[in-house]
Amino acid sequence: MQQRKRVVEILNEIADLLEIKGVDYKPRAYRRAAREVDSLTEDLSKIYKDGALEDIPSVGKNIAEKIAEILDTNRLEYHESLKQEIPIDPLLLRVRNLGPKKARKIWEELGVTSLEELEKKLESGEIRKLDGFGPKSEENIRKGLEIVKKSQGKNQLSDVLPAATELKNRLMDSGLFDDLSFAGSLRRRKYEVGDVDILGTAEDREEAMDFFASLDTCDEVLSKGSTKSSIRTREGLRVDLRIVGVDSLGSAMQYFTGSQEHNVRLRELAISEGYKLNEYGLYEESSGEKVAGEEEEMVYRELDLSWIPPELREDRGEIKAARDDQLPQLVEIDDIKGDLHCHSDESSDGQIPLEVLVKQAQNRGYSYLAVTDHAETSGIVGGLTDKGVDEHVSRIEKANRDLDGLKLLAGVEANVQKDGSLDLTDNSLQKLDIVLAGVHSHFDLPREAMTRRILEVIDNEYVDVLAHPTGRKLGERGGFDLDWEKLFSRARETSTALEINASPSRTDLEDKLIKRGVEEGVKLSIGTDSHRVNHLDFLELGVYLARRGWCEPGDLLNTLSLKDLRSWLQSPAG
Ligand code: DGT
Ligand code: CA
Ligand code: CA
């Protein structure tokens, strides 16, 4: 799993470096291959073992050999030599508004190869003096830089969770541990995770730690002791393992799950109630007697709180809610009846044939799946036109005739134009079961204009769901500047759902805004925005995100039965 990521990363970096060199079309070949490898559902090392690398679409002999070298040695000579030639930190290229041409220019003229140097040159005003840059471009680069800096050292949950789970299973399989769980941000299911925290008990701590440090995925042992050890894996992920005593497992879980803000608040409460709280237990201040430690739930219980699901532990009112017995009954994966944002191969950037979408939905036991292809002008030619909508609807109808227990919804992801209008006529929109509308251009409008634009979309009687409402892309661009109060209340009034886009690079709405939406009584809709078959798995991430946003089943469209969903979609306000 992680090896695949490493291959994808290297292929993309090669493309970046070749672009900086000004090489033609080769970069595109590497990028295409990277995309294909990224969307494989089969294990890459198995494909390699079977000698079938060249069967991967867009992978020819040359790239196949390179992939093999990465799988064998975890590095690639060709990549290393390119990096020598062009010493630019790949992170620099992630800065929005700094394409390969500009990156090359600031490297050649100002010697900038890293984020730090870029920041210095922005501050000294040297960037704006370069040909083709100017104050506006300086400002944009500065914004882009902030975003890349913020995501530095963070990993997406979608990458970390499978890798960490595999590692935890291997530890467990050794038979040396009695019990192992995730703690930290991973247990809280944050969409970006710094390091992985694993916590457990073991009879022979030394032996257990020796095993951990000798895992073949371990690239470097950062520290090693009998209660805590840290390693860096070959894929660059840092993992902290803590072994604690059985009698303090619960309080250690509580402490190391965090968040730090939640812990500070909890400790304050404990003190005000006459207790002392740390990772070893909850103690009565006066007598020193330990009243909880073995079980996490008891730590909360003794403080007169109900147990707080880890996703809520961010100091956003969860402790008061736990005290008042007002915690939400969070949505669970089993409550979900379908995916409301998927692209078939009718979208030019989509790759999933309709039959495959059907199969995937059936495998997951969905009652419905919305096929929401792009409309024509979403910056991508080859989307649905008004004429295409008729064909799309009849294709979906035809597919539904053979289906039992699952229905496809004929949908579209229409494009929001600069003035808030859509790129399909009302006549087309009304033929569809579900209409998503999303912004794919003009991301930088000032607050007032952007708010007016989005309200226009919400007011459109045909729009059911506002797709990826903030437009953010992790590590690339921030969300729109919007008047959220207005937006939430109008969405509620018009029964327009706001999307929880589960695609890892979007995670949009984010948890804080989801929570506010829930408080305002707005409906939310989880969609994976699948373009490749393995993207359908993102649904799970969408549920974690919804839980972090305090969503109960009733807040989501995805928990409705097909019948109720249809009537919600058809009701005049829906
Ligand atoms: P990350 O790794 O940056 O995604 O975020 P976390 O939350 O996993 O943070 P991490 O790995 O540094 O520590 C795990 C948990 O341990 C953290 O959520 C709360 C607890 N913790 C660690 N250091 C401290 C501390 O100095 N004070 C308090 N109150 N809690 C701490
Ligand atoms: Ca952590
Ligand atoms: Ca840690």
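Computed from a prediction, not measured in an experiment: that's the story for all the values here.

Undergrad: Can you tell me about the overall build of the protein, naming the residues and giving the values?
TA: Each helix and strand counted, the protein has 25 helices and 17 strands in total. Dimensions of the protein, computed from the C-alpha atoms along their principal axes, are close to 75 × 60 × 55 Å. The proportion of buried residues among the 574 residues of the protein is 53%. As displayed, the protein offers around 25,500 Å² of accessible surface, 44% of which is attributable to carbon and sulfur atoms. When the 82 positive and 112 negative side-chain charges of the protein are each reduced to one mean point, those points stand 4 Å apart.

Undergrad: I'd like a rundown of the site of ligand 1, residues and numbers included.
TA: Not every one of the 16 residues close to ligand 1 is listed here, only the nearest: S185, R188, G194, D195 and D197. At 3.2 Å from an oxygen atom of ligand 1 is found a side-chain nitrogen or oxygen belonging to K154. For ligand 1, whose unbound accessible area comes to 590 Å², protein coverage reaches 70%. Looking at the shell around ligand 1, the elements with two or more residues in it are helix 12 (184-187), helix 14 (249-257) and helix 15 (260-272). Of the domains in this structure, domain 3 (155-243) and domain 4 (248-323) are the two that each give at least three residues to the shell around ligand 1.

Undergrad: Give a description of the state of the cysteines that names residues and reports values.
TA: Enumeration over the complete set of coordinates arrives at zero disulfides. C551 provides the cysteine sulfur closest to C342, a residue in no disulfide bond, and the two sulfurs are 19 Å apart.

Undergrad: Please give an account of the sheet that holds strand 6 (residues 228-233) that cites residues and values.
TA: Read from one edge of the open sheet, five strands run 2-4-7-6-5, paired in mixed fashion. Strands at the two margins of the open sheet, each flanked by one partner only, are strand 2 (179-183) and strand 5 (218-223). Across the sheet, the mean angle separating the axes of adjacent strands is 25 degrees when strand polarity is ignored. Where strand 2 lies against strand 4 (residues 196-201), five bridges are found, and the strand directions are antiparallel. For L180, the partnering residue across the bridge sits in strand 4 and is G200. Across the sheet, helix 11 (residues 157-173) touches strand 2, strand 4, strand 6 and strand 7 (238-243), and the angle it forms with strand 2 is around 160 degrees.

Undergrad: Describe the sheet that holds strand 11 (residues 338-342), listing the residues and the values that go with them.
TA: Hydrogen bonding along the main chain pairs the strands of a sheet, whether they run parallel or antiparallel. The seven strands are arranged 11-12-13-14-15-16-17 in an open sheet whose pairing can be described as parallel. Each having just a single partner strand, strand 11 and strand 17 (524-527) make up the two edges of the open sheet.

Undergrad: A description of empty space enclosed by the protein should follow, citing residues and the corresponding values.
TA: Taken as a whole and assessed by the stated rule, the structure comprises two cavities of 30 Å³ or more. If you add up the space inside the largest cavity, you get close to 100 Å³. Along the wall of the largest cavity there are 13 residues; nearest its centre are L157, Y191, P504, T507 and L541. Residue assignment for the lining of the largest cavity shows that the elements contributing at least two residues are helix 11 and helix 24 (538-548). With five residues, the single largest contributor to the lining of the largest cavity is helix 24. The residue makeup of the lining of the largest cavity, split by class, is seven nonpolar, four polar and two charged. Counting residues domain by domain, the lining of the largest cavity receives three or more from each of domain 3 (155-243) and domain 5 (333-570). Approximately 40 Å³ is the volume found for the second largest cavity.

Undergrad: Please give an account of the packing of aromatic side chains that cites residues and values.
TA: If you walk through the whole model with that rule in mind, you get four aromatic pairs. When the centroid spacing of 6.5 Å and the interplanar angle of 25 degrees are considered together, the rings of Y30 and Y78 count as stacked. One end of the pair, Y30, is in helix 2 (residues 26-38); the other, Y78, is in helix 5 (residues 77-85), and 48 residues separate them in sequence. In this structure Y78 comes out as partly exposed when scored by relative accessible area, which is 24%. With centroids separated by 5.5 Å and ring planes inclined at 40 degrees, the aromatic side chains of W484 and F488 adopt a geometry described as tilted. In this pair, W484 and F488 are both assigned in helix 22 (residues 484-493), four residues apart and thus about one turn of the helix distant. For the pair shown, W484 and F488 are each scored as buried. Sitting above the plane of the Y283 ring, K276 keeps its charged end 5.2 Å from the centroid.

Undergrad: Describe the coordination of the calcium ion (ligand 3), with residues and values.
TA: Every protein donor of the calcium ion (ligand 3) is accounted for by D195 (OD), D195 (OD), D197 (OD) and D240 (OD), and the metal-donor separations fall at 2.3 to 2.8 Å. Taken as an interatomic distance, the gap from the calcium ion (ligand 3) to the calcium ion (ligand 2) is 3.7 Å; D195 donates to each of them. Taken together, the positions of D197 in strand 4 and D240 in strand 7 put the pair 43 residues apart, joining distant regions of the chain. Each member of the pair, D197 together with D240, is buried.

Undergrad: How would you summarise the coordination of the calcium ion (ligand 2) if you had to cite specific residues and measurements?
TA: Those protein atoms acting as donors to the calcium ion (ligand 2) are D195 (O), D195 (OD) and D197 (OD), and they sit at 2.2 to 2.6 Å. Every donor counted, the six donor atoms about the calcium ion (ligand 2) form angles of 70 to 165 degrees at the centre, which fits irregular coordination. On the basis of relative accessible area, D197 is assigned to the buried category, the value being 11%.

Undergrad: Give me the packing of helix 21 (residues 447-459) against helix 22: which residues, what numbers.
TA: One can describe the packing of helix 21 onto helix 22 by two numbers: an axis separation of 10 Å at closest approach and a directional angle of 5 degrees. One element, helix 21, and the other, helix 22, form an angle in the roughly parallel class. Counted together, T451, I454, L455, I458 and D459 of helix 21 and K486, L487, R490 and A491 of helix 22 form the full contact between these two elements. Counted by class, the contact of helix 21 with helix 22 contains five nonpolar, one polar and three charged residues.

Undergrad: An account of the pairing of strand 17 is requested, with residue identities and associated values reported.
TA: Residues L524 and I526 of strand 17 are buried on one face, and the alternating residues S525 and G527, pointing to the opposite face, are buried as well. Relative to strand 17, strand 16 (residues 497-501) runs parallel, the two sharing four bridges. Its bridge partner being in strand 17, E499 is matched across the sheet by S525.

Undergrad: Describe in detail the pattern of salt bridges, supporting the description with residues and values.
TA: For the structure shown, the criterion picks out 49 salt bridges. A salt bridge links K21 to E85; the shortest N-O distance between them is 3.1 Å. Here E85 lies in helix 5 and K21 lies in helix 1 (residues 2-21), a separation of 64 residues in the sequence. For E85, a relative accessible area of 43% corresponds to the partly exposed category. Close ionic contact of R242 with D197 constitutes a salt bridge, the shortest N to O distance being 3.5 Å. Pair noted here: R242 is in strand 7 and D197 is in strand 4, with a separation of 45 residues, a long-range link. There is no split in this pair, since R242 and D197 are both buried.

About the thresholds
Residues numbered from 1 in each chain as written. Chains lettered and ligands numbered in written order. Predicted model: local features only at pLDDT ≥ 70, side-chain atom pairs only at ≥ 80, totals over all residues. Heavy atoms only, no water. Helix = DSSP H or I, 4+ residues; strand = E, 2+ residues; numbered from the N terminus. Buried < 20%, exposed > 50% of the residue type's maximum accessible area, 1.4 Å probe, protein only. Areas by Shrake-Rupley, 256 points an atom, 1.4 Å probe, with all protein chains shown as cover. Lys, Arg positive; Asp, Glu negative; His and termini not counted. Charge placed at Lys NZ, Arg CZ, Asp CG, Glu CD. Near = heavy atom within 4 Å. Polar contact = N/O pair within 3.5 Å; in protein donor to acceptor, adjacent residues only side chain to side chain. Domains from an automatic or database assignment. Disulfide = S-S within 2.5 Å. Pairing = 2+ DSSP bridges. Axes fitted to C-alpha atoms, helices over the stretch in contact; angles between N-to-C directions. Contact = heavy atoms within 4.5 Å. 1 Å grid on protein atoms, 1.4 Å probe; cavity = no way out; pocket = protein on both sides within 12 Å on 5 of 7 lines; lining within 4 Å. Points joined across faces, edges and corners; volume = space filled by probe spheres on them. Nonpolar A, V, L, I, M, F, W, Y, C, P; charged D, E, K, R; others polar. Phe/Tyr/Trp six-rings, centres within 6.5 Å; stacked < 30°, edge-to-face > 60°. Lys NZ or Arg CZ within 6 Å of the ring centre and 35° of its normal. Donors = N, O, S within 2.8 Å, 3.2 Å for Na, K, Ca; no water. Tetrahedral: all angles 85-135°; square planar, octahedral: opposite > 155°, others 65-115°. Parallel < 35°, antiparallel > 145°, perpendicular 65-115°, else oblique. Salt bridge = Lys/Arg side-chain N within 4 Å of Asp/Glu carboxyl O.

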